[in-house]
Amino acid sequence: MTGKTAPPAAKPAPKAPKKEPAPAPKEKPAPASKEKPAPAPKEKPAPAPKEKPAPAPKEEPTPAPAAAEPPAPEQPPATEQPPAPADEPAPVPTAEGTPAHEEGPPDAPAEPHVPAPEPEPEKPKAEPPSSPLALTVEEVTENSITLTWKAPEQTGRSGLDGYVVEICKDGSTDWTAVNKEPFLSTRYTIQDLSSGKKIHVRVTAVSASGASVPATLEQPVLVREILQLPKIRMPRHLRQTYVRHVGDAVNLMIPFQGKPQPEVIWAKDDKALDTSRINIRNTDRDTIFYIRHAQRNDSGKYELTVRINGAEDKATLDIRVIEPPGPPENLKLVDVWGFNVALEWSPPADNGNSEVKGYIVQKSDKKSGKWFTALERCTRTSCTISDLIIGNSYSFRVFAENACGLSEKAAVTSGVAHIKKTKTAYQSEKIPQRDMMEPPKFTQPLTDRTTTRGYSTHLFCSVRGFPQPKIIWMKNQMEIREDPKYIAMIEQGVCSLEIRKPSPFDGGIYTCKAVNPLGEASVDCKLDVKGEI
């Protein structure tokens, strides 16, 4: 056993001079102790399961108990087994393993306090965006295809960089990108295609985390012009007369349809348009009619024709340019009487290219000199002004009004109306005499009543007659004279009798009698007075 252990002791001997701790064991008198601690470091790496520690116990099976006693104080290095995986295991099986353990003891105290760094968890990879939605063909022409789609539901954390449009000929598997760089618009037109070819199309959403699954059209698209008959879509507000004021701008856009692009022709009264005043701009979908400053002579009917290879559609645009009317003519005073003045006039010579809606009449008295409106929206060419003040002199003027407004000037009366004081004799109207005499007659009789002892009660009836009848109240056919217990009143033909705090003795038959020179009438009722409850 010593022969086997000697060679390891001899190996560290030449390396000892290179390191300071190596000479210290040589000075010790017991050489055997040097050989035994030498295998001890071999036993320390032996427990490591990852390396090959098996040869160390095989070399010293017998001295194991003897070696275990002296190294007992050196077991602290054995506590380094948990951090052992952090050290590099590669040098353990090499021949230089012994000096490595000799250098290890100085670092041993620091390692138990410093935990080994844990590996950082891997960050989840960003997911690419989802596929674009609702990919459809909007338009197909002779050499182009226009596509539309909707943005994908999921665009990822990094956001969407854009879309890539790819095409592939029918029967081929080679996809070619149409756009060089991604774009964010959800509408794209593929140009320069061969007419009559079938093309497969797909769109891919692209972001920093990758590309989505492409959205592909189910069927290939045939690149061919789709013929469409011309059709003018006249806006609703242009289907009736379009009215503008003089000096206003006229800017109208009229859409139409038709493929291939139709020919657009404008005319006014079967004549070509005056391009010095009217500007026309046409596109493949609409035509724009523009006049910077409209004038009266721009009014009229314009005819729009859209034509494709003999097929055509026509529409008429009626434009009326209006301005305020001229003043009325031949205004004159027809008559003056009492507080009234009668006026007449003629319609204006120029109605401003619009029907005259009415007239406004104003008056001015000579004292104040101010104009006041006396009549608005007079639809006739004559009127009567009333409620004038006696002693004043009045002038009158009339404005004409149309859809554009009032006339700039007014027609003024040449004469002045003087409101004079007139003497009037009042004659009273003779009213035939009517015989109003009438005997008394009760229109509302008395009614039977029941009251409680101690609570005042009233009896009512109504009577008419002329002259006014005399009212007599009676109880049990006995006239009620001045008695403070009874209060009798009559007002506007309504007779009332108040019985104050009646007792059972006050019960009986009460009669109201009306008498005048033409006769008499009476009514009666029964009053019942009950005791207290």
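Everything numeric here is computed off the predicted structure, so don't read it as measured data. Numbering of residues begins from 1 in every chain and follows the order in which that chain's sequence is written. Confidence filtering applies because this is a predicted model: local features only for residues at pLDDT of at least 70, side-chain atom pairs given and counted only at 80 or more, and all residues used for totals across whole chains, interfaces and linings. The side-chain figures draw on all heavy atoms in the structure; neither hydrogens nor water molecules are used.

1. What about the environment of alanine 177?
Stated precisely, the cut-off is as follows: Put simply, DSSP marks the helices as runs of H or I at least four residues long and the strands as runs of E at least two long, and each gets a number from the N terminus on. The classification of residues rests on relative accessible area computed with a 1.4 Å probe and restricted to protein chains. Under 20% of the type maximum is buried, over 50% is exposed, and intermediate values are partly exposed.
Tracing the sequence through the fold places alanine 177 in strand E4 (residues 176-177). Look at alanine 177 and you get partly exposed, because its relative accessible area is 43%.

2. Remarks on the state of the cysteines
Put simply, the rule reads: Disulfide assignment relies on a single distance test, namely cysteine sulfur atoms paired within 2.5 Å.
All chains considered together, the criterion is met by zero disulfides. The cysteine cysteine 461 is free of any disulfide, with cysteine 512 supplying the nearest cysteine sulfur at 3.6 Å. Exposure remark for cysteine 461: the relative accessible area of 3% places this residue in the buried category. In this structure cysteine 495 is a free cysteine whose sulfur lies 4.4 Å from that of cysteine 461, the closest cysteine sulfur available.

3. Observations concerning the environment of methionine 234
Selection rule: By definition, residues are in contact when any of their heavy atoms lie within 4.5 Å.
One can find methionine 234 in the loop between strand E10 (228-232) and strand E11 (242-245). By relative accessible area, which is 12% here, methionine 234 ends up buried. In the structure, methionine 234 is positioned 22 residues away from phenylalanine 256 in sequence and 8.0 Å away in space, judged by C-alpha atoms. Apart from the residues within four sequence positions on either side, methionine 234 is in contact with Arg239, Ile254, Ala315 and Thr316.

4. With respect to the pattern of salt bridges
So the rule is basically this: What counts as a salt bridge is simple: a side-chain nitrogen of Lys or Arg found within 4 Å of a carboxyl oxygen of Asp or Glu.
Tallied over the full model, the rule gives 15 salt bridges. Glutamate 166 is paired through a salt bridge with arginine 202; the nearest N and O atoms lie 2.8 Å apart. Of this pair, glutamate 166 sits in strand E3 (residues 160-169) while arginine 202 sits in strand E6 (residues 198-207); the two residues are 36 residues apart in sequence, bridging distant segments of the chain. Both residues of the pair, glutamate 166 and arginine 202, belong to the buried class. A salt bridge links aspartate 248 to arginine 244; its shortest N-O distance comes to 4.0 Å.

5. Some thoughts on the sheet that holds strand E35 (residues 519-530)
Going by this rule: At least two bridges found by DSSP between two strands is the condition for calling them paired.
Reading across from one edge, E28-E35-E34-E30-E31 is the order of the five strands in this open sheet, with mixed pairing throughout. The sheet is open, and its two borders are formed by strand E28 (449-452) and strand E31 (478-479), each paired with just one other strand. Here nine bridges tie strand E34 (residues 508-516) to E35, and the two strands are oriented antiparallel to one another. Across the sheet, the residue bridging to lysine 513 is serine 522, located in E35.

6. Focus on the sheet that holds strand E18 (residues 329-337)
Threshold: Every axis corresponds to a line fitted to the C-alpha atoms, with the helix fit spanning only the stretch in contact, and the corresponding angles, defined between N-to-C directions, vary from 0 to 180 degrees.
The antiparallel open sheet is built from three strands, whose spatial order is E18-E19-E22. Looking along the sheet, the strands with just one partner apiece sit at the ends: E18 and strand E22 (382-385). Adjacent strand axes in the sheet meet at a mean angle of 20°, parallel and antiparallel pairs treated alike. When E18 meets strand E19 (residues 340-346), the two strands line up antiparallel, connected through six bridges. Among the inter-strand pairings, valine 336 is bridged to a residue of E19, identified as valine 341.

7. As for the confidence of the model for the protein chain
Our working rule: A residue's pLDDT is simply how confident the predictor is in it, with values from 0 to 100.
With 76% of its residues at a pLDDT of at least 70, the protein chain reaches an overall mean of 79. A low-confidence stretch, residues 1-108 stays under pLDDT 50, and its non-local contacts, those more than four residues away or across chains, total 49 contacts.

8. Digging into the packing of aromatic side chains
Just so we agree on the cut-off: When the centres of two rings from Phe, Tyr and Trp lie within 6.5 Å, Trp using its six-membered ring, the rings pair. Their planes under 30 degrees apart give stacked, over 60 give edge-to-face, and anything left gives tilted. The rule is short: NZ of Lys or CZ of Arg within 6 Å of the ring centre and within 35 degrees of the ring normal puts a charge over the ring.
Considering all chains together, one arrives at nine aromatic pairs under this definition. Ring geometry for tryptophan 149 against tyrosine 163: centres 5.4 Å apart, planes inclined by 70°, an arrangement best described as edge-to-face. Residue tryptophan 149 is found in strand E2 (residues 145-150), and its partner tyrosine 163 is found in strand E3; the two are separated by 14 residues along the sequence. Exposure class is identical for tryptophan 149 and tyrosine 163. Each is buried. Note on tryptophan 345 and tyrosine 359: the rings are 5.5 Å apart at their centroids and 70° apart in plane angle, and the pair reads as edge-to-face. Here tyrosine 359 lies in strand E20 (residues 358-365) and tryptophan 345 lies in strand E19, a separation of 14 residues in the sequence. Judged by its relative accessible area of 4%, tryptophan 345 falls in the buried class. By relative accessible area, which is 4% here, tyrosine 359 ends up buried. Cluster of aromatic residues (ring-pair linked, three or more members): Trp149, Tyr163, Phe183 and Tyr188. Sitting above the plane of the tryptophan 371 ring, arginine 397 keeps its charged end 4.3 Å from the centroid.

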